[in-house]
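Below are the chains, spelled out letter by letter.
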Amino acid sequence: MKKLVFTFAFVCVSTFGFSQDAAKPAIDENFKKECLAVIEASGSGNMLNNYKDQLLTQVPDDKKAAFTVEFDGLMSKINEKTAEVYMQVYTKEDVKGMMAFYNSPVGKKMKEKAGELNQKSQESMMEIQADLQALMMKYMQ
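Please read these numbers as outputs of a predicted model, since none were measured by experiment.

Draft legend 1. Region of interest: a nonpolar patch on the surface. A contiguous nonpolar patch, built from Leu132, Leu135, Met136, Tyr139 and Met140 and spanning about 560 Å² of accessible area, is present on the exposed surface. Looking at the secondary structure, you find Tyr139 in helix 6 (residues 105-140).

Draft legend 2. Representation of the nonpolar core within the structure. One finds Phe31, Cys35, Val38, Ile39, Ala41, Ala83, Tyr86, Met87, Val95, Met98 and Tyr102 forming the largest nonpolar core, which totals 11 residues. Residue assignment for this core shows that the elements contributing at least two residues are helix 2 (29-42), helix 4 (64-89) and helix 5 (92-102). With 5 residues, helix 2 is the single largest residue contributor to this core. In contact with Met98, not counting residues within four places along its chain, are Val38, Tyr86 and Tyr90. If you look at the next biggest cluster of nonpolar residues, it comprises 6 residues, including Leu48, Leu55, Phe71 and Met75.

Quick notes on the rules
Residues numbered from 1 in each chain as written. Predicted model: local features only at pLDDT ≥ 70, side-chain atom pairs only at ≥ 80, totals over all residues. Heavy atoms only, no water. Patch = residues over 30% accessible without salt bridge, like charges linked within 9 Å, V, L, I, M, F, W, Y side chains within 5 Å. Areas by Shrake-Rupley, 256 points an atom, 1.4 Å probe, with all protein chains shown as cover. Salt bridge = Lys/Arg side-chain N within 4 Å of Asp/Glu carboxyl O. Helix = DSSP H or I, 4+ residues; strand = E, 2+ residues; numbered from the N terminus. Core = buried A, V, L, I, M, F, W, Y, C linked by side-chain atoms within 4.5 Å. Buried < 20%, exposed > 50% of the residue type's maximum accessible area, 1.4 Å probe, protein only. Contact = heavy atoms within 4.5 Å.

Right under this line is the structure:
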């Protein structure tokens, strides 16, 4: 469970870290909305909601509602920051193309399966993590 919490924290920090910029230009709100729509359509929110479900098992029943409200607020911030990164990296035409893909049958299937894919990827990476730790120990001595 510690690995799950660490992974979630890493995703949050990475997302915020990539979006920091010394001089922030004016934000095109329509473009930002399009980026947010792509983020939603991609299913990336599903992956983090799976984390929420797993984390909720650790929260006492009487605090789950408050945790959910705060977690959802954090998710909103993460999506906002991610949209700002999209705006820096992609053009409006790119985002329109992504949206067209995510509205296609294959794109919809990707969204539907994103959580399952993430879970299975995590499980398979746990097996490799022990090998990576052994490798690091070998070369750190």
